[in-house]
Amino acid sequence: MMVSVFVGTSVDGFIARPDGALDFLPEGGGEPHGYDEFIATIDVIVIGRKTFETVLAFPEWPYGTKRVVVLSSQRLDLPPACGAVVEQMSGSPAEIVAKLEATGAHHIYVDGGITIQGFLRAGLVQRFIITRVPVLIGDGIPLFGSLPSDVRLRHVATQHYPSGLVKSEYYISA
């Protein structure tokens, strides 16, 4: 089972403003920077409730017909979203991965600050693709929170784009 993160941040490391706003990110994701190729390799997307609520407000459902699992211990009303395949789960990150693996999933895309941090603390993330947007926002929701110990990364590649986006890929070192 591969668990990956593909995320955009401000240069100062925030994935959203304190209120969850994403207005500092390039509209529509900006120029192509590998997201479409990445999402094509994914079996299931795992997001938290707040991320789900944020995504529902987008003009278009960003995940197409990919299976999306929303993590929440409270019952969610799952409105139909443009042919979306959405379900709800609860449990620890390890329990979620085990449930998804039992359904045949091989590659999980984890998104949303709290969800990413939980899967990382549980030692379940193997790959990070982080795209830095050329802006400092000063405050917001950090990509990384506190960790019980250092997490060593192995740099795979870095690409830069004409708009100033800089995408780096890392694997978690064993």
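Procedures and definitions
- Residues numbered from 1 in each chain as written.
- Predicted model: local features only at pLDDT ≥ 70, side-chain atom pairs only at ≥ 80, totals over all residues.
- Heavy atoms only, no water.
- Phe/Tyr/Trp six-rings, centres within 6.5 Å; stacked < 30°, edge-to-face > 60°.
- Helix = DSSP H or I, 4+ residues; strand = E, 2+ residues; numbered from the N terminus.
- Buried < 20%, exposed > 50% of the residue type's maximum accessible area, 1.4 Å probe, protein only.
- Pairing = 2+ DSSP bridges.
- Contact = heavy atoms within 4.5 Å.
- 1 Å grid on protein atoms, 1.4 Å probe; cavity = no way out; pocket = protein on both sides within 12 Å on 5 of 7 lines; lining within 4 Å.
- Points joined across faces, edges and corners; volume = space filled by probe spheres on them.
- Nonpolar A, V, L, I, M, F, W, Y, C, P; charged D, E, K, R; others polar.
- Arc of directions from axis to C-beta.

## Brief notes about the packing of aromatic side chains
- Considering all chains together, one arrives at seven aromatic pairs under this definition.
- An angle of 75 degrees between the planes, with centres 5.4 Å apart, marks the rings of Phe-128 and Phe-144 as edge-to-face. Placement of Phe-128 in strand β7 (residues 127-133) and of Phe-144 in the loop between β8 (141-142) and β9 (153-160) is noted, with a sequence separation of 16 residues between them.
- A relative accessible area of 1% places Phe-128 in the buried class.
- Residue classification places Phe-144 among the partly exposed residues on the basis of a relative accessible area of 37%.
- Feature note: the residues Phe-6, Tyr-35, Phe-38 and Tyr-109 constitute an aromatic cluster, connected by ring pairs.

## Here we look at the pairing of strand β6 (residues 107-111)
- Counting buried positions along β6 gives five out of five residues, so the element sits mostly inside the fold.
- Judged by which residues are buried, β6 turns out to be covered on both faces: His-107, Tyr-109 and Asp-111 on one side and Ile-108 and Val-110 on the other are all buried.
- Here strand β1 (residues 2-10) pairs with β6 via three bridges, running parallel. Each bridged residue has a counterpart across the sheet, and for Ser-4 the counterpart in β6 is Tyr-109.
- Where strand β3 (residues 44-48) meets β6, four bridges bridge the pair, whose relative direction is parallel. Within β6, the residue paired with Ile-47 across the bridge is Asp-111.

## A look at the environment of Ser-90
- Of note, Ser-90 is situated in the loop between β5 (85-89) and α3 (93-102).
- The spatial distance from the C-alpha of Ser-90 to the C-alpha of Arg-75 is 9.9 Å, given a sequence separation of 15 residues.
- When sequence neighbours within four positions are dropped, the list of residues in contact with Ser-90 reads Ser-72, Ser-73, Ile-96 and Lys-99.

## Things to note about the layout of surface pockets
- In this structure, the largest pocket encloses a volume near 1600 Å³.
- Contributing to the lining of the largest pocket are 47 residues, with Leu-22, Leu-25, Val-55, Phe-58 and Asp-111 lying nearest its centre.
- Of all the elements in the fold, those that place two or more residues in the lining of the largest pocket are β1, β2 (14-16), α1 (35-39), α2 (49-56), β6, α4 (113-121) and β7.
- Element by element, the count of residues in the lining of the largest pocket is highest for α2, at five residues.
- Here the lining of the largest pocket is built from residues that sort into 21 nonpolar, 15 polar and 11 charged.

## Description of α3
- For α3, the full list of buried residues reads Ile-96, Val-97 and Leu-100. An end-on view of α3 places all buried positions within 95 degrees of arc, on one side of the element.
- Among the residues trailing α3, Gly-104 stands out with phi positive, at a value near 95 degrees.

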